[in-house]
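Reading the structure
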Amino acid sequence: MALRERLRTWKRIFCWLILLALGLLGLLQYGLPIVRHLEALIPMGVCPSARMVLLRDNFTGLLNPWARPDVLTCTSWGAPIIWDGTFDPAAAQQKALQQNLTIGLTVFAVGSCGWRTAQWSGGRRREPDPGGRRAQPDRPRPSGRYLEKYLARFLETAERHFMLGQRVVYYVFTERPAAVPRVALAPGRRLRVVRVARERRWQDVSMQRMHTLHEALGGQLGREAHFVLCMDVDQHFRGAFGPEVLAESVAQLHAWHYHWPRRLLPYERDARSAAALAPGDGDFYYHAAVFGGSVAALRALTAHCARGLQRDRERGLEARWHDESHLNKFFWLHKPAKVLSPEFCWSPEIGRRAEIRRPRLLWAPKEYSVLRD
């Protein structure tokens, strides 16, 4: 009888623990601030010492991962995760100057949409469409205001922080070239404006980006730049963003997901989609607000994503996070040569984190109700 009573007690405790765990996961999904603070306690893992010794950067040489024992500084395939303190910015700057590089920076400021599908507003994730799994019928939407709201600050802060001392060419894609603000550029830096068509839905603009980038990389952009970084317009630079971020292929850890267990990451799970990852697949969750690499590597990435998006469209599907879902599928199949820590693309809504020492790029406040309606 006593044994049966003890078993019953343990069963109740176990059930309460399960309910507590499910409750915390639910709160985590909806981004309540108190849970966001607790999320920082989830360990990121530790880079093995044997792998640390081998970590090198294509611009700074040997890295110093021991300077950041509080965070994960390498991937399982041996790529570095770049955190403040692990690299020498002066060495990276000198190496880039020796190579006489031209660095491209692309940004889209297109009416009727914003450029990120997997971002958060007020701590709550915004789903792409009601129902989510199948493409929604086209419906006209009034022109958005992303160009007026964000582009000037993006370019002005880039001139203060992005690749200072290097040759830079900005590519602004917009359906209203005449509305692009005039920004004073330092010597050796140029701005090119490319006209693109306006799409009917913001989801379509997001998905069309990969096709547009692929064409640009096969044209003038690909001929004049050695490395290219692709960014969202609704963010601004806060700190130095230099050659330490360059590599053959570069992925950005998502600020809202870098502490999450892999099984909770918001990959596309619908097996019908070209972006689908099977349970157990995936390394990290990457943010499409920042990605880059060599021209050849980006041509391969954008071609893969454009094909996947087109295949889904032909089947009447939309991946959960549109182009970002396809980007994550690509980086699962073709591992990035370098991963940027969340310091390089941080959301102030998350609040302060001890490991985020020097944010380089900050998300702007999301005003979807104004900008997309």
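Everything that follows concerns the structure shown earlier in this document.
Just so it is clear, the model here is predicted, and its values are computed rather than measured. (Residues numbered from 1 in each chain as written. Predicted model: local features only at pLDDT ≥ 70, side-chain atom pairs only at ≥ 80, totals over all residues. Heavy atoms only, no water.)

**What to know about the state of the cysteines**
- Enumeration over the complete set of coordinates arrives at one disulfide.
- Between C47 and C74 runs a disulfide, and the two sulfur atoms are separated by 1.9 Å. For the disulfide bridge between C47 and C74, the dihedral angle about the S-S bond is near 110°, and by the sign convention the bridge is right-handed. Highlighted residues: C47 in the loop between α2 (33-39) and α3 (49-52) and C74 in the loop between β2 (61-62) and β3 (81-82), separated in sequence by 27 residues. Here C47 matches C74 in class, with each residue buried. (Disulfide = S-S within 2.5 Å. Helix = DSSP H or I, 4+ residues; strand = E, 2+ residues; numbered from the N terminus. Buried < 20%, exposed > 50% of the residue type's maximum accessible area, 1.4 Å probe, protein only.)

**Examining the nonpolar core**
- Ranked by internal contacts, the top residues of the largest apolar core, which has 89 residues, are F162, M231 and F241.
- For this core, the element with the highest residue contribution is helix α5 (residues 146-161), accounting for seven residues.
- Residues W260, L265, L277 and W321 belong to the second largest nonpolar core, which totals six residues. (Core = buried A, V, L, I, M, F, W, Y, C linked by side-chain atoms within 4.5 Å.)

**Here's the deal with the sheet that holds strand β4 (residues 102-108)**
- Spatially, the eight strands line up as an open sheet ordered β3-β13-β11-β12-β9-β4-β7-β8, and their pairing is mixed. The outermost strands of the open sheet, each flanked by one partner alone, are β3 and β8 (189-195).
- Sheet analysis places strand β11 (residues 249-253) next to strand β13 (residues 338-340), joined by three bridges and oriented parallel. Residue A251 lies in a different strand from β13, and its bridge partner there is V339.
- Against the sheet, α5 makes contact with β4, β7 (167-174), β8 and β9 (227-231), and its axis sits at roughly 175° relative to β7, the strand it touches most.
- Sheet contacts for helix α8 (residues 295-314): β9, β11 and β12 (286-294); angle to β12, the most-contacted strand, approximately 135°. (Pairing = 2+ DSSP bridges. Contact = heavy atoms within 4.5 Å. Axes fitted to C-alpha atoms, helices over the stretch in contact; angles between N-to-C directions.)

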